[in-house]
Amino acid sequence: MEPKPHTFLKLRYCLTTSQYHLFSSKKATNRNSLFHLTIKIATCSTKCLAEPETPQLQPNFSPNNSVEVLKKWGCNDDDISKIFSRRPSLRNTDVIQLQSKLNLLSGLGIKSSDLFKIINCRPRFLSCRLNHCFDERLDYFTKFFGSKTVFCKAIVRNPSLLTYDFHNSIKPAIALYEQMGLSTKDLIPMLVSRPTLIPRSSLNDQKIDYINRSGVSKTSKMYKYVVTLIAISRTETIQEKISNFQKFGFLEDEILRLFGRSPLVITLSIDKVQRNMTFVVGTLKFPASVVLQHPFLLYVNLEAVLKPRLVLAGKIQDMGLSPEMKGQATILRSLRMKEKRFLKVYVNCHPQEVAYELMEVFRNAKCAKRLAVDSKMIVRKGFPF
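Quick caveat, the model's predicted, so the values are computed rather than measured.

Enumeration according to the criterion identifies 11 aromatic pairs in this entry. Between Phe-141 and Phe-144 the ring centres are 6.4 Å apart and the planes differ by 85°, which places this aromatic pair in the edge-to-face class. In this pair, Phe-141 and Phe-144 both sit in helix 7 (residues 134–145), 3 residues apart, roughly one turn of the helix. Here the two residues Phe-141 and Phe-144 agree in accessibility, since each one is buried. Grouped by ring-pair contacts, the aromatic residues Tyr-140, Phe-141, Phe-144, Phe-145, Phe-151 and Phe-166 constitute a single cluster. The positively charged end of Lys-82 is found above the aromatic ring belonging to Phe-116, 5.5 Å away from the centroid. The ring of Phe-296 carries Arg-336 above its face, with NZ or CZ at 4.6 Å from the centroid.

If you want it as structure tokens, here you go:
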């Protein structure tokens, strides 16, 4: 059957009309509609393969650059300037992907005021994929933290919770600590306060032996600190720090029990331990074993706390004043005091003229610096310790 000419005319008219309505609208609307159509087609065709980030564009908002996106999201000029100073490449980032990621953060309850904290902590955060296993991750952490609100606070403290590999990093790390007897209640503060907990956690027979020999029971408040600090530390690093203490006459079991009583000793640098131990043994004339009962001696800043107080103690003794800092117990008690309390007990108790003289001695001792202290090179081995 031969087609009639007017049939072709009608078909041509319909196509022309549809093209006219598609391409002759207002420029902004046309650009948004066409782009939205393209995104939808691309999303449907690749969703099952790569799970690309699907932007959730606002109907009447077509940003030209990342500044407009951030302002629309609620950031002020000062926030944007700080964000760009921390991550300059965000100036030229893809605005559609940026808005998509910000939409995900908004859905979690994260506000624009939190964005700088996140970028300051993790500059590359907005350059990472955030939608990978997003729903599964959200459901898992909401149950883990107990609520979406707590999960949101955890993200601000540790943004990498949204970027770590969910199946190969997050779930195995948490399962590892659960096998060691840590409850969810114990894991939550550790997960928030120690960003390296997930990527660096590993336990072998030697580390487990260290934990068992620390003498800390699973019901102790210190147990979670001992387990997590040993788990994220390298075995070689732990051995080096044990060897450093052994130079001062400590046995390995004594050192591990010290770790159990004061787990943060594991985080101290070898140089700091050597300086403080030398000061305790050489200047204070205390036996090295006193550190086992008073681990705070390893944490105290020698230049800012210990030496000025000992200089003042010498001045008080020379002037024949009372109270004096004599005896191990008195010295240890005075070193544990906060500065305000220390000055009240040993300086402000005297007449004004005497107190003024003692205060000058104390200030001068605090301001004194060691030679070449400003030019000293700080060498860090590994991260974070």
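Right, let's talk about the packing of helix 14 (residues 235–246) against helix 16 (residues 270–283) for a bit. Relative orientation of the contacting elements helix 14 and helix 16 amounts to 15°, with a least axis distance of 10 Å. One finds that helix 14 runs roughly parallel with respect to helix 16. Like other packed secondary-structure pairs, helix 14 and helix 16 cross with a definite hand, here right-handed. Of the residues in helix 16, those touching helix 14 at Glu-240, Lys-241, Asn-244 and Phe-245 are Ile-270, Val-273 and Gln-274.

Further remarks concern the confidence of the model for the protein chain. Summing up the model confidence of the protein chain, the mean pLDDT is 80 and the portion of residues at 70 or higher is 79%. Here residues 1–57 is a poorly scored stretch, pLDDT under 50, and it has 37 contacts once near neighbours within four places are set aside; other chains count. Confidence drops under a pLDDT of 50 for residues 370–385, and excluding neighbours within four residues, the segment shows 19 contacts in the predicted structure.

Below, the discussion takes up the pattern of salt bridges. Counting across every chain of the model gives 10 salt bridges. The salt bridge involving Lys-71 is made with Asp-77; its shortest N-O contact spans 3.3 Å. For Lys-71, a relative accessible area of 44% translates into the label partly exposed. Across the salt bridge formed by Glu-339 and Lys-366, the nearest N and O atoms sit 2.9 Å from each other. Note that Glu-339 is positioned in helix 21 (residues 339–346) and Lys-366 in helix 22 (residues 352–367), a separation of 27 residues in sequence. It is possible to trace a salt-bridge network through shared partners that takes in Asp-209, Arg-213, Glu-252 and Asp-253.

This next bit is on the environment of Ile-208. Tracing the chain through its elements places Ile-208 in helix 12 (residues 205–213). In this structure the C-alpha to C-alpha distance between Ile-208 and Ala-231, which are 23 residues apart in sequence, comes to 8.8 Å.

Turning to unusual backbone geometry, a few remarks are in order. Following Ser-322, the chain continues to Pro-323 via a peptide bond in cis, the omega torsion being 10°. With respect to the helices and strands, Pro-323 occurs in the loop between helix 19 (302–318) and helix 20 (328–336). Within the chain, Cys-133 stands out as a residue other than glycine whose phi angle is a positive 55°. On the secondary structure map, Cys-133 appears in the loop between helix 6 (112–121) and helix 7. Of note in this structure, Lys-285 is not a glycine but carries a positive phi near 65°. Note that Lys-285 resides in the loop between helix 16 and helix 17 (290–293). According to the relative accessible area criterion, Lys-285 is exposed, its value standing at 65%.

Calculation criteria
- Residues numbered from 1 in each chain as written.
- Predicted model: local features only at pLDDT ≥ 70, side-chain atom pairs only at ≥ 80, totals over all residues.
- Heavy atoms only, no water.
- Phe/Tyr/Trp six-rings, centres within 6.5 Å; stacked < 30°, edge-to-face > 60°.
- Helix = DSSP H or I, 4+ residues; strand = E, 2+ residues; numbered from the N terminus.
- Buried < 20%, exposed > 50% of the residue type's maximum accessible area, 1.4 Å probe, protein only.
- Lys NZ or Arg CZ within 6 Å of the ring centre and 35° of its normal.
- Axes fitted to C-alpha atoms, helices over the stretch in contact; angles between N-to-C directions.
- Parallel < 35°, antiparallel > 145°, perpendicular 65-115°, else oblique.
- Left-handed = near helix turned anticlockwise from the far one by under 90°.
- Contact = heavy atoms within 4.5 Å.
- pLDDT = per-residue confidence, 0-100.
- Salt bridge = Lys/Arg side-chain N within 4 Å of Asp/Glu carboxyl O.

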